[in-house]
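# Overview (structure and organization)
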6 protein chains.
Amino acid sequence: MSATDFIPASANALPRYAGVPSFMRLPHLGADDPRLAEVAIGLIGVPWDGGTTNRPGARHGPRALRDASTMIRAQHPVTGLRPFEAMTCADLGDVPPNPASVLDSLERITAFYAPLVAMGIRPLTAGGDHLVSLPVLRAVARDAPLGFIQFDSHTDLFDSYFGGEKFTHGTPFRRAVEEGLIDPKRMVQIGIRGTAYDTEDLDFARAEGIRIIRIEEVFARGIPDVMAEAREILGEAPAYLSYDIDFVDPAFAPGTGTPEVGGPTSFQAQQVLRELDGVRIAAADLVEVAPPFDNGGITAWLGASLMFEILCLMAAAPA
Amino acid sequence: MSATDFIPASANALPRYAGVPSFMRLPHLGADDPRLAEVAIGLIGVPWDGGTTNRPGARHGPRALRDASTMIRAQHPVTGLRPFEAMTCADLGDVPPNPASVLDSLERITAFYAPLVAMGIRPLTAGGDHLVSLPVLRAVARDAPLGFIQFDSHTDLFDSYFGGEKFTHGTPFRRAVEEGLIDPKRMVQIGIRGTAYDTEDLDFARAEGIRIIRIEEVFARGIPDVMAEAREILGEAPAYLSYDIDFVDPAFAPGTGTPEVGGPTSFQAQQVLRELDGVRIAAADLVEVAPPFDNGGITAWLGASLMFEILCLMAAAPA
Amino acid sequence: MSATDFIPASANALPRYAGVPSFMRLPHLGADDPRLAEVAIGLIGVPWDGGTTNRPGARHGPRALRDASTMIRAQHPVTGLRPFEAMTCADLGDVPPNPASVLDSLERITAFYAPLVAMGIRPLTAGGDHLVSLPVLRAVARDAPLGFIQFDSHTDLFDSYFGGEKFTHGTPFRRAVEEGLIDPKRMVQIGIRGTAYDTEDLDFARAEGIRIIRIEEVFARGIPDVMAEAREILGEAPAYLSYDIDFVDPAFAPGTGTPEVGGPTSFQAQQVLRELDGVRIAAADLVEVAPPFDNGGITAWLGASLMFEILCLMAAAPA
Amino acid sequence: MSATDFIPASANALPRYAGVPSFMRLPHLGADDPRLAEVAIGLIGVPWDGGTTNRPGARHGPRALRDASTMIRAQHPVTGLRPFEAMTCADLGDVPPNPASVLDSLERITAFYAPLVAMGIRPLTAGGDHLVSLPVLRAVARDAPLGFIQFDSHTDLFDSYFGGEKFTHGTPFRRAVEEGLIDPKRMVQIGIRGTAYDTEDLDFARAEGIRIIRIEEVFARGIPDVMAEAREILGEAPAYLSYDIDFVDPAFAPGTGTPEVGGPTSFQAQQVLRELDGVRIAAADLVEVAPPFDNGGITAWLGASLMFEILCLMAAAPA
Amino acid sequence: MSATDFIPASANALPRYAGVPSFMRLPHLGADDPRLAEVAIGLIGVPWDGGTTNRPGARHGPRALRDASTMIRAQHPVTGLRPFEAMTCADLGDVPPNPASVLDSLERITAFYAPLVAMGIRPLTAGGDHLVSLPVLRAVARDAPLGFIQFDSHTDLFDSYFGGEKFTHGTPFRRAVEEGLIDPKRMVQIGIRGTAYDTEDLDFARAEGIRIIRIEEVFARGIPDVMAEAREILGEAPAYLSYDIDFVDPAFAPGTGTPEVGGPTSFQAQQVLRELDGVRIAAADLVEVAPPFDNGGITAWLGASLMFEILCLMAAAPA
Amino acid sequence: MSATDFIPASANALPRYAGVPSFMRLPHLGADDPRLAEVAIGLIGVPWDGGTTNRPGARHGPRALRDASTMIRAQHPVTGLRPFEAMTCADLGDVPPNPASVLDSLERITAFYAPLVAMGIRPLTAGGDHLVSLPVLRAVARDAPLGFIQFDSHTDLFDSYFGGEKFTHGTPFRRAVEEGLIDPKRMVQIGIRGTAYDTEDLDFARAEGIRIIRIEEVFARGIPDVMAEAREILGEAPAYLSYDIDFVDPAFAPGTGTPEVGGPTSFQAQQVLRELDGVRIAAADLVEVAPPFDNGGITAWLGASLMFEILCLMAAAPA
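Residues numbered from 1 in each chain as written. Chains lettered and ligands numbered in written order. Predicted model: local features only at pLDDT ≥ 70, side-chain atom pairs only at ≥ 80, totals over all residues. Heavy atoms only, no water.

## As for the relation of the copies chain B and chain D
In screw terms, the move from chain B to chain D is a rotation of 180° and a rise of 0.0 Å along the axis, fitting with an RMSD of 0.0 Å. In symmetry terms, the pair is related by a two-fold rotation axis. Comparing interface residues between copies, 100% of those in chain B also lie at the interface in chain D; the contact surface is shared. (Least-squares fit on C-alpha atoms with pLDDT ≥ 70 in both. Contact = heavy atoms within 4.5 Å.)

## Examining the pairing of strand 8 (residues 281-287) of chain D
Residues and elements named next belong to chain D. Burial runs high along strand 8: 7 of the 7 residues are buried. As defined by bridge partners, strand 3 (residues 122-126) adjoins strand 8 across 3 bridges and the pair is classed as parallel. When the bridges of strand 8 are listed, Thr125 appears paired with Asp285. Judged from the 6 bridges that link them, strand 7 (residues 239-244) and strand 8 form a sheet pairing that is parallel. (Buried < 20%, exposed > 50% of the residue type's maximum accessible area, 1.4 Å probe, protein only. Helix = DSSP H or I, 4+ residues; strand = E, 2+ residues; numbered from the N terminus. Pairing = 2+ DSSP bridges.)

## Let's talk about helix 1 (residues 61-69) of chain C
Within helix 1 of chain C, 8 of the 9 residues are buried, which leaves the element mostly enclosed by the surrounding structure. Among the residues of helix 1 of chain C, those classed as buried are C:Gly61, C:Pro62, C:Arg63, C:Ala64, C:Leu65, C:Arg66, C:Ala68 and C:Ser69.

## Here's the deal with the relation of the copies chain A and chain F
Rotating chain A by 120° about the axis while translating it 0.0 Å along that axis superimposes it on chain F, leaving an RMSD of 0.0 Å. The transformation relating the two chain copies, once decomposed into turn and shift, fits a three-fold axis. Taking C-alpha positions as the reference, the residue of chain A nearest the rotation axis is A:Ala251, at 3.3 Å. Of all interface residues in chain A, a mere 11% are interface residues in chain F too; the two copies therefore contact each other through different surfaces.

## Let's talk about the interface of chain B and chain D
In this complex, chain B contributes 24 residues to the contact, which on the side of chain D involves 24 residues. Contact between chain B and chain D buries roughly 2,000 Å² in total, counting both sides, with carbon and sulfur atoms accounting for 60%. Together, B:Tyr17, B:Val20 and B:Arg63 form the three largest contributors to the area buried by chain B at its contact with chain D, with a combined 43%. Our count for the contact surface shared by chain B and chain D stands at 2 salt bridges. Between D:Asp67 and B:Arg63 there is a salt bridge, with its nearest N and O atoms 2.7 Å apart. (Buried area = accessible area lost by both parts, 1.4 Å probe. Salt bridge = Lys/Arg side-chain N within 4 Å of Asp/Glu carboxyl O.)

## With respect to the side chain of F:Thr195
As for its placement among the helices and strands, F:Thr195 is situated in the loop between strand 5 (182-192) and helix 6 (200-208). Given the relative accessible area of 10%, F:Thr195 is considered buried. Once residues lying within four places of it in the same chain are set aside, the contact partners of F:Thr195 are A:Met71, A:Ile72, A:Arg73, A:Gln75, A:Pro77, A:Phe308 and F:Glu260.

## A short note on the pairing of strand 7 (residues 239-244) of chain F
In terms of burial, strand 7 of chain F is a largely internal element, 6 of the 6 residues being buried. The two faces of strand 7 of chain F match: F:Ala239, F:Leu241 and F:Tyr243 on one face and F:Tyr240, F:Ser242 and F:Asp244 on the other face are all buried.

## Remarks on the sheet that holds strand 5 (residues 182-192) of chain D
Residue and element names in this part refer to chain D. With parallel pairing, the 8 strands of this open sheet are ordered in space as 2-1-3-8-7-4-5-6. Where the open sheet ends on each side, the last strands, each with one partner, are strand 2 (89-94) and strand 6 (211-214). If you compare each strand with its neighbour and ignore which way they point, the axes differ by 15° on average. Relative to strand 5, strand 4 (residues 146-151) runs parallel, the two being bridged by 5 bridges. Bridge pairing in strand 5 places Ile149 opposite Val188. (Axes fitted to C-alpha atoms, helices over the stretch in contact; angles between N-to-C directions.)

## Here's the deal with the sheet that holds strand 2 (residues 89-94) of chain A
What holds strands together in a sheet is hydrogen bonding between their backbones, with the strands either parallel or antiparallel. Residues and elements named next belong to chain A. Spatial ordering of the open sheet is given by 2-1-3-8-7-4-5-6, a layout of 8 strands whose pairing is parallel. Strand pairing shows two members of the sheet lacking a second neighbour, strand 2 and strand 6 (211-214), which therefore form its edges. For this sheet, the mean angle separating the axes of adjacent strands, direction not counted, is 15°. The sheet contacts of helix 8 (residues 223-234) involve strand 4 (146-151), strand 5 (182-192), strand 6 and strand 7 (239-244), and relative to strand 5 the element is tilted by about 165°.

## Examining the UniProt feature "binding site: Mn(2+)" (unreviewed entry) in chain A
Residue and element names in this part refer to chain A. Here, the residues flagged by UniProt with the feature "binding site: Mn(2+)" (unreviewed entry) are His130, Asp152, His154, Asp156, Asp244 and Asp246. Annotated residues spanning 117 residues; largest pairwise C-alpha distance 12.2 Å, indicating a single compact cluster. Mapped onto the elements of the fold, His154 is located in the loop between strand 4 and helix 5 (172-178). Residue classification places His154 among the buried residues on the basis of a relative accessible area of 14%. (UniProt positions renumbered as here; feature names shortened; annotations may be inferred.)

## Things to note about the interface of chain A and chain F
With 27 residues of chain A at the interface, the matching set in chain F holds 29 residues. Buried area between chain A and chain F, both sides added, is near 2,400 Å², and the carbon and sulfur share of it is 58%. Looking at the side of chain A facing chain F, the largest losses of area belong to A:Asn12, A:Arg73 and A:Phe267, adding up to 27% of the total buried there. A salt bridge links F:Glu216 to A:Arg274; the shortest N-O distance between them is 3.2 Å. The tally of links between chain A and chain F comes to 13 residue pairs in polar contact (both at pLDDT 80 or more). Counting residues per element, the ones that place at least two in the side of chain A that touches chain F are helix 9 (266-274) and helix 10 (298-316) of chain A. No other element matches helix 10 of chain A, which puts 5 residues into the side of chain A that touches chain F. The residue inventory of the side of chain A that touches chain F, partitioned by class, reads 15 nonpolar, 8 polar and 4 charged. (Polar contact = N/O pair within 3.5 Å; in protein donor to acceptor, adjacent residues only side chain to side chain. Nonpolar A, V, L, I, M, F, W, Y, C, P; charged D, E, K, R; others polar.)

## Side note on the packing of aromatic side chains
For any pair of aromatic rings, geometry is given as the distance between the ring centres together with the angle between the planes. As enumerated under the stated definition, the model contains 66 aromatic pairs over all chains in all. Ring geometry for A:Phe84 against A:Phe308: centres 6.2 Å apart, planes inclined by 55°, an arrangement best described as tilted. Here A:Phe308 lies in helix 10 and A:Phe84 lies in helix 2 (residues 83-86), a separation of 224 residues in the sequence. Side by side, A:Phe84 and A:Phe308 carry an identical accessibility label, which is buried. For the ring pair E:Phe158 and E:Tyr161, a centre distance of 6.3 Å and an interplane angle of 80° mean the geometry is edge-to-face. (Phe/Tyr/Trp six-rings, centres within 6.5 Å; stacked < 30°, edge-to-face > 60°.)

## Brief notes about the confidence of the model for chain A
Looking at chain A, pLDDT values average 96 and 99% of them are 70 or higher. Interface scoring of the predicted complex returns ipTM 0.97; its pTM is 0.98. (pLDDT = per-residue confidence, 0-100.)

## Structural notes on the packing of helix 1 (residues 61-69) of chain D against helix 10 (residues 298-316) of chain D
Residues and elements named next belong to chain D. Interhelical geometry of helix 1 versus helix 10 gives an angle of 75° and a closest axis separation of 8 Å. Looking at the two axes, helix 1 sits roughly perpendicular to helix 10. Every residue of helix 10 that contacts helix 1 at Ala64, Leu65, Ala68 and Ser69 is listed here: Ala300, Trp301, Gly303, Ala304 and Met307. Partitioning the contact of helix 1 with helix 10 into residue classes produces 7 nonpolar, 2 polar and no charged. (Parallel < 35°, antiparallel > 145°, perpendicular 65-115°, else oblique.)

## Things to note about the arrangement of the chains
For the non-touching pair chain A and chain C, the nearest C-alpha separation works out to 13 Å. The two partners chain B and chain F share no contact, and the minimum distance between any of their C-alpha atoms is 13 Å.

Encoded structure:
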C-alpha cells in the first residue's frame, strides 16, 4: 500500500463532477479494509436525524456533503497545508442508523466509532442532526473528558423535550456533561442567538462553568479576540470541535432544520476555524446540513468547505 | 349555533389566499369547543413522520394541505354535492405528536381520536406518514374490524424493519390485521408497483385473503372494472379508506417520501374515488404528502383536491 | 424588404439560447415600423394580470413565453407546415398596461390592437390573465360577433366578483357575450372542471346556448369525437380561439394561477388543436402562464409549443 | 378569560410545524370576539399587492409570515423580554381586500383598522405591498400626525405613476405627508439605494424636511450613530415604524418584488430595530415579503424574526 | 470472491439514503480490480455533454442517477426477476472525459469500454448527452454492426451542425450508420416528435431503411402493437438499446436539455421496455438526464427506474 | 437619428417586466444597423461556456442578464451620473458561438468584436465563462497591451488542463499575457481564494510581476486601501476590467459554475467598482453567471447591477 493511494484524483485526471462521490474524493474503505491500519483521520457520515424536533432532513446530509466535497482541491488557500499529504485520510463510509429507533441508533453509532478510535483514527463526522455528537463523544471520550468547542446558534443544553425525552438534538451536551464526556470548564459555545423559551440551558451552563459567547458579543469584540479567549478555555489538552451549520446566517446556510437569522458570513465561518490553529482536536463534526431545505446546494458546499478547514486543523496538529 | 357557521367563507368575501388557513376554510375547533357536539365529519392533521424509513418530511403535510385546501370551493364538479351543507364539517386541529418517540406518538394519536369517535365524529385525516393509519384505526375500529380500501404503490404489509422494528410506515396494515382492526377478507389494495426486496408482504396477503390489484392490472382492466370488484370486496358494512399520495405518479405527486414511477394520472386518482360512491366510509386518511420534496406545491394541491373527493364520499353516505 | 427577413434564424446560425428573445425568434417590429404593412400574423404580449383574483404572476407570462419559444423550430411535426414561410409573421411587442388600473389597462389593450386589426393583421396573443381576451375581442370583433372556442378548466362566465367587480379573469366571456363580441350560439368551452361555488356560470351558458363540454365528457367520448362537435358549433365563419393553460393538468402546467387537477396531458393539449384544422381563426390567445409558479420552465415551454400549434392553424387557413 | 389564554403553545406541547398557523401561534380572534377588549397589540395581515408596479406576490405575504412565525419562541435573545407576557397580543386575522380594485381595498383596510384603533389596540401589520401603510396610517393617525421611521431601499415618495396613478407602492408616503398623517419633520428613511429615474422623491423630501439616510451613509457612520440620529428625529411622541423587507440585501431577503443589491445583513436588519429601544411606536408594519420569489422560505423567516423584534419594541414601551 | 459480494445492501441493513452512492448500491470496481473478471454486466457513467448544442448539464447525469438509484430494490415488480442474483453486476465507475475537447473525449470513452468489452462485460451506460452512444458503439460493435432500438423524441440522424461539426448530440447515429456500427435494416426509432428545421434526417432514414415510428403512431396503434413491430425489426441477433430520457414527456422528465411536449407517461416509458423481453441486448444506455434542469429529482428517479428495467432485460437474456 | 432614441423606456411608459428584454432596455442594433456609427459603448452577449471544466450553464448568462437588467433605471444612486445620456449606449446582440468547437468559437468572438472596436465602440461584455475574455482581448488589445484589473476568486492563470488543453476558463490570462494583450506590470487580481491544486498560477504571477490581492488581504486592509493600490497599478493608460461573478460570496451569487465561500457581500462588490472612478476602461466584461445554478434570479440581478456600475465607470471617463 503506497501513500499515493490516499491522494484524491485531480480534476485534470477526472473532472470534479465525475466519479462515485466519496468525501473529498478520498478512497472509500469498508469496515474490514486492511488499509484502515494506515488511516490517521477518518471522514465518516452519520445519516440520521432521529433527534430532530423541528424540520427533518439532516439524514440526507452526508450524501450532499460528499457530493459537494468533490469540488475541494488539495491545498489550504492561506496556510498552504496539503492535508491529504500531511496525514493519511480516508472516507470510512456511513454508520447504518436505525431510522425507527433513537436508542438503537445511538448504540449503533458508538459501536461504529469505538473500534476506529481504538485503532487511533481521529474521526471527522458529517451529520446528521446534532444529537449525533453524543454517541460519537461516547466513543472518543470514553477514557477521559475532552475540551469542547461548539459553533452554533443554539446551546443544545436542555434537559428534555416533550415531557421527558432525554435524547433529542436540543439535549446532547447536557447529556455529555452529565456522562463525563466533556469537561465543562474547558467548554465554550460561540454564536448563540435566536428567541428562547426560557433560560434553563443558560442556567445549566452557568452552574457548570460553561462559557457561552453570544453572537452579539462575537460581533462587538471581533473574531480574533473572541477566539483568543476560546483557545484559552480549551487549553493544551485534546478537545472535540462541533460545528452546527446553523451557526452561519441562513442566507449562507439555508439548508438546515432550525435556522436563526443574524448570524455570521461564510468568511467569518471560516475565520473562527482558522483562529483555532494549534488546538489539539481529537475529533470533530459538522452537523445539521439538511439538503431538502437547501437552495441550490449552497449549504452543502459551505459545509464541505468548512469540513476542509476542520480537516486542515486536524492534519496540522496531533490530537 | 347556526349551521351557517360551518360554511367556509367564499372567495368573494375573502380571497382564497387570505386568512388563517384551516382545512377547506372550515371553522377550527379546539378540543374543548362546545360546537364539537354538532360535528359529523372532523378533518384532523397528524403532523408526524416517525415511521418513515426513507425520505422524511410528511410531518409538514398537514400544514401544506391546509394551505392548498383554501383553494377548494363549495360544490363537487360532477355530482353537484355541497358537502359543507350536507353534513357539519370542521377542522379539529392537529394531534400533538412526540417527534422523539414512536410509541408515545402512537398512543397520543389514538388518545386524540378516541373521544371524537365516541362523540360520533367521522375523521378524515391528513398525514403524516402511513404509520399514522394504525393508531387511527385503533380508535375507529376498536369495537369491530372494518373493511379496508387502500390506494398506494406499496402494500405496507411487512412484518418489521431494521431487525425487528414493528412500527414503521412499511408495517401498519400487518399490525392492523393482527390486531383485528381490519377484516382481511374485506381488504383491497390498489396500485401496487415498484421494485421489491422480497415477497413477504404478498405472501402474507395471500395467506390472509387480502386482495392486491397491481397497477398493471388497473391499467389493463380499466378503472371502472377494477373498482366494481373493489366495491364488491368492501360490501355493505363500514370501511376505512386510506389514500397514500404515492399511489399517483411522481409527475403529479413529486412531494412524497418513496415515489414509484409508472402510476396513474391525477384524473385517474380522482376517478378511483368517484367509483366508490355509496360505499360506507367510517374514516379515511390521505397520507405521505412530504412538502420538502414537492415542486411548487402541486402535490399538496392534488392532496387537498383528493381530500375533497373523499369528504364528498363521506358526506354523501352514512358511515 | 424581402420575405426572408421574416424567417427566424436557425439554431445552426445562432444557438437557440442565444440572442435577444423575441417570439419564435421572429423579427420584433415597433409600432411605427414600415414592415408592419407586410405582416399577416402578429404575435403580441399582454403582460398584465390585473384581473387575477387568486395567485398573480401572469404579467410575467409574455417574457417567459418569448424565452421558451426560441426553442421552436421551423416546421410542424405532423402536417409539415412551415408557418413562417406560409405567412409573414412578426413579434409586435408588448402592450404597455397600467398595473395600477384595470379600466385604463383594458383601454390600452384595445387601443394597441385596433390599428393592427385595421391593417389586416391577425393577432396571436400571449397573456397575461384571462381578462386579457376581452379587450382583444373588443378590437377584433368590433364589427361582428365571432365564433368562440375556449380550452379551459373554468368557464369565466361569472357576472361579478367581490360585490360588483365586473372586470376580473372570472368574468370576461360574460362581458363579451353581453357586448355582442361573441355569438353564444357559436361558442364552445372544453375541459371545464374543478370545484365550484355555484352554478351561476352554467345557468348563464344554458340560457345563452353556450355549449360546455366538461373534462369527464372529453375523456369519455375521446378527443376526436368532441372536437368534431366543436368544429360543428364553430361552423364556417371566423372564430376566436382562447387557450387557458390551466386547461392542461398541473403536472404539465404547474405555472398558472388557478390550477385544477384532473386535466389532459400535453399530448392531448396538442391534439385538441390539431383537430381544429381548417377552422377559420380570426384571432387567438394563450393565457394564464404564471412564471413565478412554474417548475423549471415546463409551463412556459408547453405554452410556447401550443402557441406554435395555434400559429400553424392560423397560417394554414385564412381568417 | 385568563391571561394564559394569550400565551402561545410551547414546542414541547405541540411541535412548531404542527397546528393551524396563526402569527407566532397566538390566539386568532375574529372581528366579533369578546376577547378583543383585552388585546393591547394586534397582529394583522393585509394580503394585498394592488399597488405593485413590478413583480407581484406580496398578497401571499401574510400566510407565509404566519407559517414561518410558528418557529418564534417566547423570549427576546438580548433583552430577555417576554412580549406575550408583557402585553396581551393576538392574531386579528386578515383584512379582506378587493383584488380587483385599488380604491375599494384602501377603504376596506382603513375600515378594518379603525374600530381596532378605537379600542386602543396597537396594530402590527404584515403586508402586502408598501401601499398598505397608507390606509393603516389613515386609521392610526386620524387625529394627529405621527413621527415616522422607514427601513427601505426606496423612498416611496413619488407623486404618481403611469401618467397619474396616485396610489401605488411607490407613492404612499407622499400621500401620507400630504394628508397630514405623518409629520415630515419627524420622518426618517434609512437604507435608500438603487438606481433612480430622477430625483423627484428626493426633492420632495428636501422641501418637506424629511431626513433620508442612504445606505452608503449607514455603512460609513455605523448603525449606532445613524440610529441615534433617528431617535433624535423621532423624539418623544408616538411614531409609526414601517419596515420594507427590501431594506435587507437580496441574499438575505430574495422574496420581494423590487430587490436592490448592496443592502445590510440580517444581523444589521435586527440591529437597527434594537437601537430603537424606548421609542414610542403607535403602529408598525413589515411589508413586501413576496413568497413566489422567495428561496426556501428564508425571506419569510427573516420577516417573521423582524416582526418579533418590532413586537418586542412595542411591548416594551407604551405607544 | 463470493457471489454475495455483488448483492446490494438491503435498506434494512443500511437505509437507502445512506452510504457512498454507487449505481443501485452495487460494488464499485476500479479499472484494475481483479473482481472485474467475474462481472457480466457493468454499469458505467459517462459524465460528458460536449455534444450538447442547446442546454448543457447532462455531464452531471451519472452522479444524479447513482444517487437516485439507491432507492432501487432487488426484484422486478412484474417478472419477479432478481437481476443482481441472475447475473453479476457492478458499478465500473465513470469514464474520465475531457470537457475541453470533443475528439479527445470520444477517444477516451472508446478506450475505456474496449477492454471491458474484450472481457465479455456488457455495458449499461448512464450519460451524458446522446453523443455518448457513438464512442460506446465503436467499442461494442467493433466486429460487426448491431441492431439498434432508440427511444427518443429526436432522430439524432443529422449530418452536421454549425457549418460542419460532425460530432454533436444531433448526429451520432448518422455517424454510427456510416461507420458500420449499426445495421440500418435492423434499426428502429420510437417516439419522434417536436418541431423540425427540415427533413434531412428523415430523408437519410428513408434512404437507409431505418424505421421511424413517430409518437402519433405510437399512441394511435398502442404500445404492444408498435413494440411487436420493433421486435421484428431487431430480430434474433444482438442489438444496442439507446434510451434518451427526452422520449418521455417533460412533465415526467423535465431534467433534460431539449424537452419536447406531447410524450408518453412514465408507465408507457416502462411498458416499451417490458415489451422487449427476450431481445438480445449487447449494450444499452440511458442518456440526456440533465440535473440542473430537473425538478426535485423526478427525472433522475425515472432515469434510474428505467435503467433497472433495462438491466432486467439484459440479465434475463444472453447478449 | 436623435439622441433620445437611445434612452431606455421608463417604467412609467412600459412596466419593467414588459417588452422584449434587451440589455437595460437599450435599443438592439443588428450588425448592419446604420445607427452603429453613433454608438460609444456597446453591450454584447457571449452565450458560450465552452471553456468550462466544471459546472456548465454560463452560456445562458446573457439572456438572464438581459432579463434582470430591465429592472435597472436611469441614474447612478451615488454619483448621479445618467450614463444613457452621458454616452450613446446600445445592445449589440449576441456573438453566435459554435457550441461544438472551442477554437472556432474563439475566432467567431474576435471576429464579432474587431469591426466594432475599429468603429471606436467600447464593449461591455456579458459572458459566458471566463475564457470569453481572451478573444475579446484579442480584438481590443490588438495594437497594444492593456492594463488589467480582475475581480475573481480564481486567478485563471494556469497553463493547461486535462493534459494539454490550452483554452479553458482556467487559462485565459496566461494566454493573454503570453500573447502580449495584457501588460503584466499593470495587472492586478483581487479576491482570490479557495482551495488549490498547486501554486503554478501564483508562480507565474510572481515571475511576470502580476499583483494578486487575496480576499484575506482585502478584508484586513479594507476596500479603499486595496483599491488605491489597484488604481496605482493600473495607472493612467487604458485598462480592461474583468469581473467574474464568483468574486462575490455564493450567498449573493449562487448561480455560477465554481463558487468559493468566504467572499465579499454585494455592497462590497459594488464598492470595489466605485473606487475605480476615473480609471480609463477600454473594455470590460461580467462573466460566469450560470442561470441553471441560480436561486430565484438573485445572481442575474446582482450581475446586471454590477454591469450598470461598470457602465457608469465607462460612461464617466474616456477610454
